[in-house]
Amino acid sequence: MTKQTLEELYDLAYQRHVQPIPGAYTSYLYAQGQDKILKKVGEEATEVILGAKNNREELIYETADLFFHLMVLLVSTGVSLAEIEAELGARVGQQSRLHERQDWRGEA
(Lines give C-alpha, C1' and ligand atoms only; values in the text may rest on other atoms or scores of the structure.)
Protein backbone atom coordinates (compact mmCIF):
# COMPACT_ATOMS: atom_id res chain seq x y z
CA MET A 1 0.00 0.00 0.00
CA THR A 2 1.34 3.40 -0.95
CA LYS A 3 1.61 5.96 1.84
CA GLN A 4 1.44 9.72 1.57
CA THR A 5 2.66 12.15 4.20
CA LEU A 6 0.85 15.32 5.12
CA GLU A 7 3.79 17.24 3.65
CA GLU A 8 3.36 15.44 0.33
CA LEU A 9 -0.36 16.11 0.38
CA TYR A 10 0.25 19.79 1.11
CA ASP A 11 2.81 19.97 -1.72
CA LEU A 12 0.33 18.40 -4.13
CA ALA A 13 -2.35 20.91 -3.11
CA TYR A 14 0.18 23.72 -3.57
CA GLN A 15 1.20 22.50 -7.02
CA ARG A 16 -2.44 22.39 -8.12
CA HIS A 17 -2.81 25.94 -6.85
CA VAL A 18 0.14 27.36 -8.77
CA GLN A 19 -0.25 25.09 -11.82
CA PRO A 20 -3.93 24.23 -12.23
CA ILE A 21 -4.76 21.12 -14.23
CA PRO A 22 -8.01 21.38 -16.20
CA GLY A 23 -10.50 18.86 -14.88
CA ALA A 24 -8.59 18.17 -11.65
CA TYR A 25 -10.79 18.32 -8.55
CA THR A 26 -8.22 20.35 -6.60
CA SER A 27 -7.99 22.91 -9.39
CA TYR A 28 -11.80 23.06 -9.44
CA LEU A 29 -11.88 23.85 -5.72
CA TYR A 30 -9.41 26.71 -6.09
CA ALA A 31 -11.34 28.08 -9.06
CA GLN A 32 -14.58 28.04 -7.05
CA GLY A 33 -12.99 30.10 -4.28
CA GLN A 34 -12.77 30.15 -0.52
CA ASP A 35 -16.49 29.74 0.19
CA LYS A 36 -16.54 26.43 -1.70
CA ILE A 37 -13.37 25.25 0.06
CA LEU A 38 -14.78 26.20 3.47
CA LYS A 39 -18.03 24.41 2.69
CA LYS A 40 -16.11 21.24 1.80
CA VAL A 41 -14.03 21.42 5.00
CA GLY A 42 -17.25 21.70 7.01
CA GLU A 43 -18.85 18.80 5.17
CA GLU A 44 -15.79 16.61 5.65
CA ALA A 45 -15.55 17.46 9.36
CA THR A 46 -19.16 16.36 9.78
CA GLU A 47 -18.44 13.15 7.88
CA VAL A 48 -15.50 12.44 10.23
CA ILE A 49 -17.87 12.69 13.18
CA LEU A 50 -20.38 10.38 11.53
CA GLY A 51 -17.63 7.99 10.51
CA ALA A 52 -16.37 7.82 14.09
CA LYS A 53 -19.86 6.80 15.17
CA ASN A 54 -20.05 4.09 12.50
CA ASN A 55 -16.79 2.20 12.25
CA ARG A 56 -13.02 2.46 12.16
CA GLU A 57 -12.69 2.13 8.37
CA GLU A 58 -15.16 4.94 7.73
CA LEU A 59 -13.36 7.14 10.25
CA ILE A 60 -10.05 6.56 8.46
CA TYR A 61 -11.58 7.24 5.03
CA GLU A 62 -13.32 10.44 6.10
CA THR A 63 -10.28 11.70 8.03
CA ALA A 64 -8.21 11.36 4.86
CA ASP A 65 -10.82 13.45 3.02
CA LEU A 66 -10.73 16.08 5.77
CA PHE A 67 -6.94 16.24 5.69
CA PHE A 68 -7.03 16.74 1.93
CA HIS A 69 -9.55 19.58 2.14
CA LEU A 70 -7.65 21.17 5.05
CA MET A 71 -4.51 21.21 2.90
CA VAL A 72 -6.42 22.94 0.11
CA LEU A 73 -7.71 25.50 2.64
CA LEU A 74 -4.25 26.12 4.08
CA VAL A 75 -2.74 26.61 0.63
CA SER A 76 -5.58 28.89 -0.47
CA THR A 77 -5.07 31.12 2.58
CA GLY A 78 -1.27 31.10 2.43
CA VAL A 79 -0.79 29.15 5.66
CA SER A 80 2.12 26.71 5.62
CA LEU A 81 2.44 23.40 7.40
CA ALA A 82 5.49 24.86 9.13
CA GLU A 83 3.23 27.47 10.74
CA ILE A 84 0.86 24.77 11.97
CA GLU A 85 3.78 22.72 13.28
CA ALA A 86 5.15 25.80 15.08
CA GLU A 87 1.78 26.39 16.74
CA LEU A 88 1.61 22.76 17.83
CA GLY A 89 5.18 22.97 19.10
CA ALA A 90 4.35 26.08 21.11
CA ARG A 91 1.70 24.06 22.93
CA VAL A 92 3.96 21.17 23.96
CA GLY A 93 4.16 20.95 27.72
CA GLN A 94 1.65 23.73 28.34
CA GLN A 95 -1.21 23.40 30.71
CA SER A 96 -4.67 23.85 29.30
CA ARG A 97 -5.52 27.46 28.58
CA LEU A 98 -9.27 26.94 28.44
CA HIS A 99 -9.94 30.35 29.98
CA GLU A 100 -7.99 32.02 27.16
CA ARG A 101 -9.88 30.08 24.51
CA GLN A 102 -13.16 31.13 26.07
CA ASP A 103 -12.04 34.78 26.04
CA TRP A 104 -10.90 34.41 22.40
CA ARG A 105 -14.37 33.18 21.47
CA GLY A 106 -16.03 36.02 23.34
CA GLU A 107 -17.39 33.74 26.05
CA ALA A 108 -17.25 34.50 29.74
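What counts as what
Residues numbered from 1 in each chain as written. Predicted model: local features only at pLDDT ≥ 70, side-chain atom pairs only at ≥ 80, totals over all residues. Heavy atoms only, no water. UniProt positions renumbered as here; feature names shortened; annotations may be inferred. Helix = DSSP H or I, 4+ residues; strand = E, 2+ residues; numbered from the N terminus. Buried < 20%, exposed > 50% of the residue type's maximum accessible area, 1.4 Å probe, protein only. Contact = heavy atoms within 4.5 Å. Areas by Shrake-Rupley, 256 points an atom, 1.4 Å probe, with all protein chains shown as cover. Core = buried A, V, L, I, M, F, W, Y, C linked by side-chain atoms within 4.5 Å.

The chain is annotated in an unreviewed UniProt entry as Phosphoribosyl-ATP pyrophosphatase of Leuconostoc holzapfelii. Taken verbatim from the UniProt record of the chain, the Sequence similarities (unreviewed entry) comment is "Belongs to the PRA-PH family."

Novice: Tell me what's going on with the overall build of the chain, and back it up with residues and numbers.
Specialist: When its secondary structure is counted, the chain shows six helices and zero strands. In the chain, the succession of helices and strands from N to C terminus is α-α-α-α-α-α. When each of the 108 residues of the chain is scored for burial, the buried share is 22%. When contacts within the chain are restricted to residue pairs at least 6 apart in sequence, those whose partners lie at least 24 apart make up 55%. Taken as a whole, the chain presents about 8,000 Å² of accessible surface, with 56% of it coming from carbon and sulfur.

Novice: Can you lay out the nonpolar core for me, pointing to particular residues and giving the numbers?
Specialist: Judged by nonpolar contacts, the single largest core of 16 residues is most densely connected at Tyr10, Ala13, Tyr30, Ile37, Met71 and Val72. Listed by contribution, the elements that provide at least two residues to this core are helix H1 (6–18), helix H2 (25–32), helix H3 (34–54) and helix H4 (56–77). Of all the elements, H4 adds the most residues to this core, at seven residues. With sequence-adjacent residues up to four places away left out, isoleucine 37 is seen in contact with Leu29, Tyr30, His69, Val72, Leu73 and Ser76.

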